[in-house]
Amino acid sequence: MAGWVAWLDLLGVAVFAATGALVASRKQMDLIGFGLMATATGIGGGTLRDVLLGRPVFWIADGRYLAVCLGIAVLVYVGAHVVQRRFVALLWADAIGIAAYAVMGAELGLRSGAAAAVAVVLGVMTATFGGLIRDVLCQETPLILRREVYATAVAAGAGTYVAALALGAGKPWAAALGFLVGFAIRGGGIQFGWT
Amino acid sequence: MAGWVAWLDLLGVAVFAATGALVASRKQMDLIGFGLMATATGIGGGTLRDVLLGRPVFWIADGRYLAVCLGIAVLVYVGAHVVQRRFVALLWADAIGIAAYAVMGAELGLRSGAAAAVAVVLGVMTATFGGLIRDVLCQETPLILRREVYATAVAAGAGTYVAALALGAGKPWAAALGFLVGFAIRGGGIQFGWT
Amino acid sequence: MAGWVAWLDLLGVAVFAATGALVASRKQMDLIGFGLMATATGIGGGTLRDVLLGRPVFWIADGRYLAVCLGIAVLVYVGAHVVQRRFVALLWADAIGIAAYAVMGAELGLRSGAAAAVAVVLGVMTATFGGLIRDVLCQETPLILRREVYATAVAAGAGTYVAALALGAGKPWAAALGFLVGFAIRGGGIQFGWT
């Protein structure tokens, strides 16, 4: 992957890793637990995407992704106590992650020749699977099943990207639009308690 | 896939999607939750099967499977309140699904060159994985681990299919027999409370 | 796979299958439940490893692995009541399994061209995924998330193996050393309650 897709990918890995580490912090795990949760959450969605599409799994060929996950685990371990409201930080980091991954999962689906609607579903899966692993591992109710326009935001972001492309928009513009739509809807859900 | 395998596949996707949507109804989710649960349950088993066998994942190349899942989610969302006993409807739809998927998973295992016993295990995995995802997502005890001849029915259906083929039966007859054996055992478990 | 890798593989499958069956025993499942838990736990880690690395899944081509899982399920079903302290037996069998799988997962990662640090992570995933499935299926808190130097032991075993190879050790020596380091740390955790 190159260019903007690689950046969205790295952004998604980093913020999802941060959400995993923040959950480790809430559960008072040790440093190893931080590393595990950050890695599983950070690479989970992209791993599912690559396995479903029959692509080589992205973090095996390029060791930098794991380095990002482990580095963020250490940063959150050292610094999480200065964050007053860790659950709120987790929600906003997660919102950035799902908006980035929804667009990127849809893009990779389209590149594999999937139909537009299938690409949207791949975007939703890529965006939500890491957080799902995080929540199942910690035995919390998955965010995606709480009534907070979570899945709506993901589907709207991926759908906006695919629709903008179909209407002739350039890829970077379509990606920016899809990211903003997904992030705005999820952010509204967090800020105003939309259900 | 063509012919009877494609029909068993579509039948399995449809009834599993219905069970996912019925669980969404019991948990009073919104329409998005119905769509998520119907899709994850409907395509879960076949996705595991394709990943394990190294085949292209079936619903990525053919968008009709997702359309079926989402269509059924809408139907159940609109109509579930008229079903008096939703949990019983869920159990019977699930019984049809596991009987269909047990046979089809075993068949695709045999086509990939797996030994007879391995094909039976692939049938069991294909038949039970979608429901397992459904139950883990909703934090319910998986049906397969309750004491209700559940796994016995799945293994018997897949085993009957493989054994009938080995004894020289034609594929459609073996498939019909395997389906009926699996459905009858599971149905007896539901109806008479076999444990 | 041939030689010592095949033996580590079979050892890991066997002891993980035993831990799955011991959990089935604690949960008072029937014989089918024993078979399911033994199989899912026994082959889970290696299946994830093969899917991530894009290799053919090991137990599909070679039916002996499933035979080992089912045979051990029957043995534990018949004999578990003579084991006074089943949870302790489970912990020690699991310790053998994670030490064997950590080394083997790292080795297969290296063979696929992964960098040293990535190979260690593959070792950790291979070693812990079967037990994770076991614990999620039975709705217990995953062993890996309890504070008992569990993940530390796995990472140390895989890391020792990769480091010893890098320092020029022969593969069997590096494998034996990695196995012993992983087993000793985890065993110390069990015996002395290290946290």
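In what follows, the accompanying structure is described. Keep in mind it's a predicted model, so treat the numbers as computed, not measured.

Quick notes on the relation of the copies chain B and chain C
Turning to step 1, where the next piece is worked out: Screw-axis analysis of chain B against chain C gives a translation of 0.0 Å along the axis, an RMSD of 0.0 Å, and a rotation angle of 120°. The operation mapping one copy onto its partner corresponds to a three-fold rotation axis. Of the C-alpha atoms belonging to chain B, the one lying closest to the rotation axis is found on V51(B), 4.2 Å away.

Quick notes on the layout of surface pockets
Turning to step 1, where the next piece is worked out: Of the volumes computed, that of the second largest pocket is approximately 450 Å³.
Turning to step 2, where the next piece is worked out: Lining of the second largest pocket is provided by 31 residues; of these, D50(A), V51(A), G54(A), R55(A) and V51(C) occupy positions nearest its centre.
Turning to step 3, where the next piece is worked out: Where the lining of the second largest pocket is concerned, the elements lending two or more residues are helix 2 (31-53) and helix 3 (58-61) of chain A, helix 2 (31-53) and helix 3 (58-61) of chain B together with helix 2 (31-53) of chain C.
Turning to step 4, where the next piece is worked out: Looking at side-chain class alone, the lining of the second largest pocket contains 20 nonpolar, 5 polar and 6 charged residues.

Some points on the interface of chain B and chain C
Turning to step 1, where the next piece is worked out: If you look at the interface, chain B gives 20 residues, while chain C gives 17 residues.
Turning to step 2, where the next piece is worked out: Across the chain B to chain C interface the summed buried area is about 1500 Å²; carbon plus sulfur atoms make up 77%.
Turning to step 3, where the next piece is worked out: Where chain B meets chain C, there are 0 residue pairs in polar contact (both at pLDDT 80 or more).
Turning to step 4, where the next piece is worked out: Among the secondary structure elements, those contributing two or more residues to the side of chain B that touches chain C are helix 2, helix 6 (116-137) and helix 7 (150-166) of chain B.
Turning to step 5, where the next piece is worked out: Among the elements that make up the side of chain B that touches chain C, the one with the highest residue count is helix 6 of chain B (7 residues).

Examining the interface of chain A and chain C
Turning to step 1, where the next piece is worked out: Listed per partner, the contact involves 17 residues of chain A and 20 residues of chain C.
Turning to step 2, where the next piece is worked out: Carbon and sulfur atoms supply 77% of the area that chain A and chain C bury against each other, a total of about 1500 Å² over both sides.
Turning to step 3, where the next piece is worked out: Contact with chain C buries area across many residues of chain A, yet L36(A), I60(A) and L137(A) alone supply 33% of it, more than any other trio.
Turning to step 4, where the next piece is worked out: The interface formed by chain A and chain C contains 0 salt bridges.

Some words on the side chain of T39(B)
All names here are of chain B.
Turning to step 1, where the next piece is worked out: Structurally, T39 can be placed in helix 2.
Turning to step 2, where the next piece is worked out: Given the relative accessible area of 10%, T39 is considered buried.
Turning to step 3, where the next piece is worked out: A polar contact of 2.7 Å, which involves the side chain of T39, links it to the backbone oxygen of G35.
Turning to step 4, where the next piece is worked out: Those residues in contact with T39 that lie beyond four places of it in its chain are G44, L66, C69 and L70.

Parameters and conventions
Residues numbered from 1 in each chain as written. Chains lettered and ligands numbered in written order. Predicted model: local features only at pLDDT ≥ 70, side-chain atom pairs only at ≥ 80, totals over all residues. Heavy atoms only, no water. Least-squares fit on C-alpha atoms with pLDDT ≥ 70 in both. 1 Å grid on protein atoms, 1.4 Å probe; cavity = no way out; pocket = protein on both sides within 12 Å on 5 of 7 lines; lining within 4 Å. Points joined across faces, edges and corners; volume = space filled by probe spheres on them. Helix = DSSP H or I, 4+ residues; strand = E, 2+ residues; numbered from the N terminus. Nonpolar A, V, L, I, M, F, W, Y, C, P; charged D, E, K, R; others polar. Contact = heavy atoms within 4.5 Å. Buried area = accessible area lost by both parts, 1.4 Å probe. Polar contact = N/O pair within 3.5 Å; in protein donor to acceptor, adjacent residues only side chain to side chain. Salt bridge = Lys/Arg side-chain N within 4 Å of Asp/Glu carboxyl O. Buried < 20%, exposed > 50% of the residue type's maximum accessible area, 1.4 Å probe, protein only.

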